[in-house]
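The residues making up each chain are set out below.
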Amino acid sequence: MELTRRVRLRGEQLDEIDNRILIQSVEPQAGKDQRTTAQLWSGIGSRVTAEHRDWLEVKVTFSLDMKRDAYAERAEVLEKIITWASTVGWMQISQKPGRRLRVILDQLPPEGDALQWTARYTLVFRAYGIPYWQDTSADGITITGTSGAKGMEVRGNTRTAVDFEFKNTSTGTINTFDITAGESRIALQNLGLLSGETLLFDHNDNGRRSVVRIRIRSIAGNYRSVLECRTPQSSDDLYVEPGQVNVIMNAQRKGTLTAEARGRWL
């Protein structure tokens, strides 16, 4: 039998922890959005000056198929579930195939529920760092040389961010690198990217916040940050809108750029 309500966290299904777990509902909530507006001098309407999403929430409700007086067993299974739920990880649910959400546990069921044999328990998960469902696979492009441009298809229905790698395939050191994706641009100077090394631009999402990282990976596999090499003219991030996006690269010497973006969904 194929179950219609399933939730996977870090690759492990909730209902596979114990066969007495019965998932009653998996409910993705609407994102917590905020908008700042300013009145127009014409006296009609307003102008949106800023938009922000605080979090995206998923509620998972389950019950336990156990005998009325199985207090110890019920408490033991609940402990397993709490252990499963309490570590940051990627969540996937049956209602949204091909998508995932980076979540942390925000709310546990009340402790006293363990004594109620008919109880339904609810776990509340939230995504703070990137509060959007994201495609499990990314769309990407490759550009080789010192410069070039290529179109990249971006899925989703809201803006997302581009990650990229650029490997120095020349015999010299690269100190300047510039990439534009859509309306966003990252320009770097004083890089010291040695032959054979790789420049990395990505995001570290720990469930609570998403941080832009700009690093160099050496041939030996060690990393060093070059975040301070970003110029004042650069954007905060490489944000792009859904659709066809033009990616443009310029480097001091030749290399291979691999850029990709995962569609994000409201």
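The sections below set out a description of the structure shown in this document.

Overview of the overall build of the protein chain
- Within the protein chain, the regular secondary structure consists of one helix and 19 strands.
- Of the roughly 14300 Å² that the protein chain leaves accessible, carbon and sulfur atoms contribute 45%.

So, the layout of surface pockets
- What the second largest pocket holds in volume is close to 290 Å³.
- Taken together, 14 residues form the lining of the second largest pocket, with R100, Q134, D163, H203 and R262 sitting closest to its centre.
- Elements that contribute at least two residues to the lining of the second largest pocket include exactly strand 7 (99-107), strand 11 (160-168), strand 14 (198-205) and strand 18 (243-261).
- With three residues, the top contributor of residues to the lining of the second largest pocket is strand 11.

As for the pattern of salt bridges
- One pass over the full model with this rule turns up 13 salt bridges.
- The partner of R6 in a salt bridge is D15, and the shortest N-O contact between them spans 2.6 Å.
- Overall, the relative accessible area of 14% leaves D15 in the buried class.
- A salt bridge links D106 to R126, with the shortest nitrogen-to-oxygen separation between them at 3.6 Å.

Digging into the pairing of strand 12 (residues 177-181)
- By the criterion of burial, strand 12 is predominantly enclosed, with five of the five residues buried.
- Both faces of strand 12 are covered, namely the face carrying F177, I179 and A181 and the face carrying D178 and T180.
- Pairing geometry for strand 12 and strand 13 (residues 184-188), over five bridges, is antiparallel. Looking at strand 13, one finds that F177 is bridged to L188.

Some words on the packing of aromatic side chains
- Across all of its chains, the model carries six aromatic pairs by this definition.
- Their ring planes at 25° and their centres at 5.3 Å tell us that F62 and Y121 sit as a pair that is stacked. Placement of F62 in strand 5 (residues 46-64) and of Y121 in strand 8 (residues 120-127) is noted, with a sequence separation of 59 residues between them.
- According to the relative accessible area criterion, F62 is buried, its value standing at 0%.
- Taking the centre distance of 4.7 Å and the plane angle of 40° together, the rings of F166 and F177 count as tilted.

A closer look at helix 1 (residues 71-85)
- The terminal C-alpha atoms of helix 1 lie 21 Å apart, and with 15 residues this matches the ideal 21 Å at 1.5 Å per residue to within 8%.
- Residues R74, V77, L78, I81, W84 and A85 constitute the buried set of helix 1. All buried residues of helix 1 lie within an arc of 115° about the axis, which places them on one face of the element. Those residues of helix 1 that are exposed and aimed more than 90 degrees away from the buried face are A72, E79 and T83.

Focus on the nonpolar core
- Counting 31 residues, the largest nonpolar core has F164, F166, F177, L199 and L257 as its most contacted members.
- Breaking this core down by element, the ones donating at least two residues are strand 10 (139-154), strand 11, strand 12, strand 13, strand 14, strand 15 (210-217) and strand 18.
- Counting 30 residues, the second largest nonpolar core, distinct from the first, contains L9, L64, Y121 and W265.

Parameters at a glance
- Residues numbered from 1 in each chain as written.
- Predicted model: local features only at pLDDT ≥ 70, side-chain atom pairs only at ≥ 80, totals over all residues.
- Heavy atoms only, no water.
- Helix = DSSP H or I, 4+ residues; strand = E, 2+ residues; numbered from the N terminus.
- Areas by Shrake-Rupley, 256 points an atom, 1.4 Å probe, with all protein chains shown as cover.
- 1 Å grid on protein atoms, 1.4 Å probe; cavity = no way out; pocket = protein on both sides within 12 Å on 5 of 7 lines; lining within 4 Å.
- Points joined across faces, edges and corners; volume = space filled by probe spheres on them.
- Salt bridge = Lys/Arg side-chain N within 4 Å of Asp/Glu carboxyl O.
- Buried < 20%, exposed > 50% of the residue type's maximum accessible area, 1.4 Å probe, protein only.
- Pairing = 2+ DSSP bridges.
- Phe/Tyr/Trp six-rings, centres within 6.5 Å; stacked < 30°, edge-to-face > 60°.
- Expected span 1.5 Å × (residues − 1).
- Arc of directions from axis to C-beta.
- Core = buried A, V, L, I, M, F, W, Y, C linked by side-chain atoms within 4.5 Å.

Fair warning: the whole summary comes from geometry, so function is off the table for now.
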